[in-house]
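Report on the structure
Single-letter residue listing:
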There are 2 protein chains.
Amino acid sequence: MAVRVRIEDVAEVAGVSMKTVSRVLNREPNVREDTRLRVQSAVDALKYKPHPSARSLAGHKSFLIALLYDNPSANYLMEIMAGVLAACETEQYNMMMCPLDFNSPNFMDAVESMIGHSQPDGLILTPPITDAPELLTRLAELGLAFASISPINQGTCMGVAMNETRAAFDMVQHLAGLGHRRIAHIKGHVAHGASDWRLNGYCEGLEQAGLKFDPVLVVDGEFSFDSGVRGAERLLALKKRPTAVFAANDDMAAGVIRVALERGLRVPEDLSVSGFDDTPMSRQIFPALTTVRQPSRDMGRIAALELLASIHKREAGRMLRVPYTLELRRSTGPAPA
Amino acid sequence: MAVRVRIEDVAEVAGVSMKTVSRVLNREPNVREDTRLRVQSAVDALKYKPHPSARSLAGHKSFLIALLYDNPSANYLMEIMAGVLAACETEQYNMMMCPLDFNSPNFMDAVESMIGHSQPDGLILTPPITDAPELLTRLAELGLAFASISPINQGTCMGVAMNETRAAFDMVQHLAGLGHRRIAHIKGHVAHGASDWRLNGYCEGLEQAGLKFDPVLVVDGEFSFDSGVRGAERLLALKKRPTAVFAANDDMAAGVIRVALERGLRVPEDLSVSGFDDTPMSRQIFPALTTVRQPSRDMGRIAALELLASIHKREAGRMLRVPYTLELRRSTGPAPA
DNA sequence: ACTGTTGATGACAGCGCTGTCACGTTTCCT
DNA sequence: AGGAAACGTGACAGCGCTGTCATCAACAGT
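Read on for an overview of the structure.

Calculation criteria
Residues numbered from 1 in each chain as written. Chains lettered and ligands numbered in written order. Predicted model: local features only at pLDDT ≥ 70, side-chain atom pairs only at ≥ 80, totals over all residues. Near = placed C-beta within 6 Å. Helix = DSSP H or I, 4+ residues; strand = E, 2+ residues; numbered from the N terminus. Nonpolar A, V, L, I, M, F, W, Y, C, P; charged D, E, K, R; others polar. Pairing = 2+ DSSP bridges. Axes fitted to C-alpha atoms, helices over the stretch in contact; angles between N-to-C directions. Contact = placed C-beta atoms within 7 Å. Buried ≥ 20, exposed ≤ 12 C-beta atoms within 10 Å, placed from the backbone. Right-handed = clockwise from strand over helix to strand, strands pointing away. Least-squares fit on C-alpha atoms with pLDDT ≥ 70 in both.

**Topic: the protein's contact with DNA strand D**
Around DNA strand D, the structure places 26 residues, and the nearest of them are I7, S22, A58 and G59 of chain A together with T20 of chain B. Put simply, the parts of the chain that give the surface near DNA strand D at least two residues each are helix 2 (18–25) and helix 4 (52–59) of chain A together with helix 2 (18–25) and helix 4 (52–59) of chain B. Sort the elements by how many residues they give to the surface near DNA strand D and helix 4 of chain A lands first, with five residues. When grouped by side-chain class, the residues that make up the surface near DNA strand D number 12 nonpolar, eight polar and six charged.

**Examining the protein's contact with DNA strand C**
DNA strand C sits among 26 residues. The nearest are T20 of chain A together with I7, S22, A58 and G59 of chain B. Each residue belonging to the surface near DNA strand C can be placed in one class, and the counts come to 12 nonpolar, eight polar and six charged.

**Here we look at the sheet that holds strand 5 (residues 159–162) of chain B**
Residue and element names in this part refer to chain B. With respect to topology, six strands assemble into an open sheet ordered 2-1-3-4-5-11, the strand pairing being parallel. Looking at the sheet topology across the chains shown, the edges are occupied by strand 2 (94–99) and strand 11 (319–322). Each strand of the sheet is rotated relative to its neighbour by a mean of 20°, with strand direction disregarded. Two strands pair when backbone bridges link them, and strand 3 (residues 122–125) and strand 4 (residues 145–149) are joined in this way by four bridges, in the parallel orientation. Bridge pairing in strand 4 links L125 to S148. Sheet strands in contact with helix 13 (residues 296–313) are strand 1 (64–69), strand 3, strand 4, strand 5 and strand 11, and its direction is about 160° off that of strand 4.

**What about the pairing of strand 3 (residues 122–125) of chain A?**
Residues and elements named next belong to chain A. Burial along strand 3 is two-sided: the residues G122 and I124 and L123 and L125 are all buried. One ladder, built from four bridges, connects strand 1 (residues 64–69) with strand 3; its direction is parallel. If you follow I65 over to strand 3, its bridge partner there is G122. With helix 7 (residues 133–142) bridging strand 3 and the parallel strand 4 (residues 145–149), this β-α-β connection has right-handed handedness.

**Side note on the relation of the copies chain B and chain A**
The two copies are related by a screw motion: chain B maps onto chain A through a turn of 180° and a shift of 0.0 Å along the axis, at an RMSD of 0.1 Å. Accordingly, the operation relating the two chain copies is best matched by a two-fold axis. The position closest to the rotation axis in chain B is occupied by the C-alpha of S53 of chain B, lying 2.2 Å away. A high fraction, 100%, of the interface residues of chain B reappear at the interface in chain A, so the copies pair face to face through one surface.

**A closer look at the interface of chain B and chain A**
Every contact between the two is made by 36 residues of chain B and, on the other side, 36 residues of chain A. Every element with two or more residues in the side of chain B that touches chain A is listed here: helix 4, helix 5 (74–91), strand 2, helix 6 (107–118), helix 11 (250–262) and helix 12 (281–284) of chain B. The greatest single-element share of the side of chain B that touches chain A, amounting to seven residues, is contributed by helix 5 of chain B. When its residues are assigned to classes, the side of chain B that touches chain A shows 21 nonpolar, 11 polar and four charged.

Geometry only, nothing functional implied.
This is the structure:
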């Protein structure tokens, strides 16, 4: 392995002190333009890369942000992660993945331990970890910056979110527009704020369409395929069956389609089904699923950029909004006569 | 934020020198048992965590391994990642994710840049990055350790693999055992060794069953759902249709099922379909897919453990084997009469 | 012209740890 | 018993950077 180029070598080539090179590298002020250029070309010529550990040690920063998650959806997570990674790349930061068990009694210990070991400069929180009061309190105590993705309480923190209520509202409008009068809903996991938003959007959508809320048509779910299957079994066993089911996510919607097909119902002729999230699977099942596309990758990137900006400027960041889109596919159609 | 506990503080409490604490922490030899215990209890009492950057800087190690990938399958990657992460946790290492574009002309530059910036102590390679000769050569030059997951050339490197040929063979046996005589295959992406292994297993399986290889029944694919759709369209348009399709992965198998259902064929009554990988989706589509389960998480963990062991011992690691299992589900059944 | 302020730069300590080497003590061998 | 080897421990330098402070030049205001 070739000997490492150090900042001293760059300084010598550029004819300045180490400290000036350091200033250029860290975009600090008070460097003359020609000096900056001279240093920059020395850096390029030597292909110099600062040693991350030395930077961290001397600068009291880890150049690390941690992505905390407890989410079974690989696709969602990979998208968020890709976005965070993209942001880190431009900002010369590193990202570490932190799988956690949100319901474990050792949840806080696990977080503390990870923070103690890795010393991240900031955290990205994903649902449902966004909504652990104990964690938020502790982070405030530690003075550790964090950005939340789709947190329940969007008033008080930095991060990114989508208007999920509005998206669910639009979805119900879509179904009502196709003539459906008995539109069911399978709720998401209780620990997730998204479940409430989507349920609220469902209710508001019904109201807007002049349909009255029927508690029989709303069943519990927990975002898993199996819970979608169970929900569908209850809904399709009703004497007055719904003609459309809006599931709070795609996995559950897939469960509904499965049950419908098993019972000999045609989708969408006999039953329309829609989901939420636009997972890759939603395009692969038959029929392809009508769903709400959430720009997860952008959300990851935006949350990370905002977090990093707030770390640099040492001030609170904003809560940003991203748009959704309805993906109308084959699983929804006109209500049966 | 509380003031950091340093190794010096631990040394003072334990009544030894910093260096002895360091020895205990790094499990170095030549420390008396009672000294070790005394130090350990001081560490526990103070909740001391070594500063990672200081360790790296002084010890000329980064305590970092990088997971390189260019793989569209989120599930596969998350499983591998979870395994690697688990291994890292026990060994006090960190992992960084490195998405790469294997086909980009800048592939090597991207790798070099990442290595330069992050200085990992080792790499985990996933297909198809396992098989880039230029990369392997360069890593040898750099003396950088790496473990490969399912590489084509398993003779010369450390890592982990499964007998995919044998698994494909078994799958074809399963289909032949159900009475199928016209068994088709949709190949995987040409850049992946797995495609060849699975094709070979298919051929061997046919031979074992006394069926002769028919080139018409083997079509190209590239592991994507869409390529499965295209393959199925070709196969199902044949005058003498196959009664079973063994796709080289689950996504393509899902594509086959989609096309079959669209054409009014029943699965498995009219067409049996099987895949490979056991993605979560394989259980969620209708009918649930017969497939080969690959213990990806274990593979990630084993590869990482072997890599870390080889880094510590400074010697070459082994190529390890993991077992597969056939998951027989509803998408395969007796051949039509 | 004289002081005060800002800008541009460098000297140097020190971040928290490990590698190296030196030293005293114990154990082993003949 | 005497020397060699192994063991257990500590002192201290230094890993490659950045923070702090000192320094000097340039320029503004009186």
